[in-house]
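What follows is each chain in one-letter form.
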Amino acid sequence: MAYRADDARREMLEVLAGATDDIGVALAAIGAAYEQIADQRTADRLEEELFRPVQQAYGKARRTHDGFARRHGLPTGTFEQASAGVPSTGVPGFLDVALEAIERADTALAELQDSMRPVEVGDAELRAGLAEVRELVGVLPERTRAFTRTLGR
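Just so we're clear, the structure is a prediction, and the values are computed from it rather than from any experiment.

**Quick word on the overall build of the protein**
1) Next: Across its full length, the protein carries 6 helices and 0 strands.
2) Next: From first element to last, N terminus to C terminus, the protein shows the α and β order α-α-α-α-α-α.
3) Next: Against the compact-globule benchmark of 15 Å for 153 residues, the protein has a radius of gyration of 17 Å, which places it among compact chains.
4) Next: Each principal axis of the C-alpha distribution contributes one length, and for the protein these read about 60 × 25 × 20 Å.
5) Next: Split into buried and exposed, the 153 residues of the protein put 45% on the buried side.
6) Next: Contacts in the protein between residues far apart in sequence, at least 24 positions, make up 77% of those at least 6 positions apart.
7) Next: A total of about 8300 Å² of accessible surface is found on the protein, and carbon and sulfur atoms cover 50% of it.

Here it is in structure tokens:
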């Protein structure tokens, strides 16, 4: 039984690490988009509506990952600086990269929650952390699409 629980914990940690990496990609892409926006009002809106919530989700995902790993004697994550993509794609291209990464992260976290593995290993802090990250990223696809639609107006 302990071996199965350890395997499940490692698997969950890998899924959470992958989702965290995807959120990191979104964060880098939105940061790169911000750098290309000439209009300060639009840049401020991007920061408020997208960058800060993604930054919060990334931080929460990392803390959730590292806390779960420490509680179960597993290695913590080594997260690297994510690539934002190619500058020639411009702001819309960066936002597309961010949107795809956010959707991948949300899907991975939803599947992890739906699998009931977090309940089976009995880690309430992991369940709470996953729920918080999903709440933060859940609104981001629509916000990103809405921002992209109004870009340049």
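**Section: the side chain of Lys-60**
1) Next: Counting through the fold element by element, Lys-60 comes out in helix α2 (residues 40-71).
2) Next: Not counting residues within four places of it along the chain, the set of residues in contact with Lys-60 comprises Gly-129, Glu-132, Val-133 and Leu-136.

**Regarding the packing of α2 against helix α6 (residues 140-150)**
1) Next: Close contact between α2 and α6 brings their axes to 10 Å; oriented N to C, the two are set at 165°. Here α2 is positioned roughly antiparallel relative to α6, judged by the angle of their axes. Between α2 and α6 lies a crossing of left-handed hand. Taking contact as the criterion, the partners of Thr-42, Arg-45, Leu-46, Glu-49, Leu-50, Pro-53 and Val-54 in α2 are, on α6, Leu-140, Arg-143, Thr-144, Phe-147 and Thr-150.
2) Next: In terms of residue class, the contact of α2 with α6 is built from 6 nonpolar, 3 polar and 3 charged.

**Re the pattern of salt bridges**
1) Next: The full count for this structure, using the stated rule, is 11 salt bridges.
2) Next: In this structure, Asp-6 engages Arg-9 in a salt bridge whose closest nitrogen and oxygen atoms are separated by 3.4 Å. With Asp-6 and Arg-9 both in helix α1 (residues 2-36) and 3 residues apart, the pair spans about one turn of that helix.
3) Next: Residue Asp-6 is classed as partly exposed on the basis of its relative accessible area, which comes to 34%.
4) Next: Note on Arg-9: relative accessible area 16%, which makes it buried.
5) Next: Linking Arg-149 and Glu-142 is a salt bridge whose minimum nitrogen-to-oxygen distance equals 3.1 Å.

**Observations regarding helix α5 (residues 124-138)**
1) Next: If you check α5, its first and last C-alpha atoms are 21 Å apart, about what 15 residues at 1.5 Å a residue would give, namely 21 Å.
2) Next: Listing the buried residues of α5 in full gives Leu-126, Gly-129, Leu-130, Val-133 and Val-137. Here the buried residues of α5 occupy an arc of 100° about the axis, which is enough to place them on one side.
3) Next: N-cap assignment for α5: the residue whose side-chain oxygen lies 3.3 Å from the backbone N of Glu-125 is Asp-123.

**Section: the environment of Ile-30**
1) Next: Along the chain, Ile-30 falls in helix α1.
2) Next: A relative accessible area of 1% places Ile-30 in the buried class.
3) Next: Not counting chain neighbours up to four residues away, the residues in contact with Ile-30 comprise Leu-46, Leu-50, Phe-51, Val-54, Leu-95 and Ala-98.

Calculation rules
- Residues numbered from 1 in each chain as written.
- Predicted model: local features only at pLDDT ≥ 70, side-chain atom pairs only at ≥ 80, totals over all residues.
- Heavy atoms only, no water.
- Helix = DSSP H or I, 4+ residues; strand = E, 2+ residues; numbered from the N terminus.
- Rg over C-alpha atoms; globule rule 2.2 N^0.38 Å.
- Buried < 20%, exposed > 50% of the residue type's maximum accessible area, 1.4 Å probe, protein only.
- Contact = heavy atoms within 4.5 Å.
- Areas by Shrake-Rupley, 256 points an atom, 1.4 Å probe, with all protein chains shown as cover.
- Axes fitted to C-alpha atoms, helices over the stretch in contact; angles between N-to-C directions.
- Parallel < 35°, antiparallel > 145°, perpendicular 65-115°, else oblique.
- Left-handed = near helix turned anticlockwise from the far one by under 90°.
- Nonpolar A, V, L, I, M, F, W, Y, C, P; charged D, E, K, R; others polar.
- Salt bridge = Lys/Arg side-chain N within 4 Å of Asp/Glu carboxyl O.
- Expected span 1.5 Å × (residues − 1).
- Arc of directions from axis to C-beta.
- Polar contact = N/O pair within 3.5 Å; in protein donor to acceptor, adjacent residues only side chain to side chain.

None of the figures reported here should be taken as evidence of function without further support.
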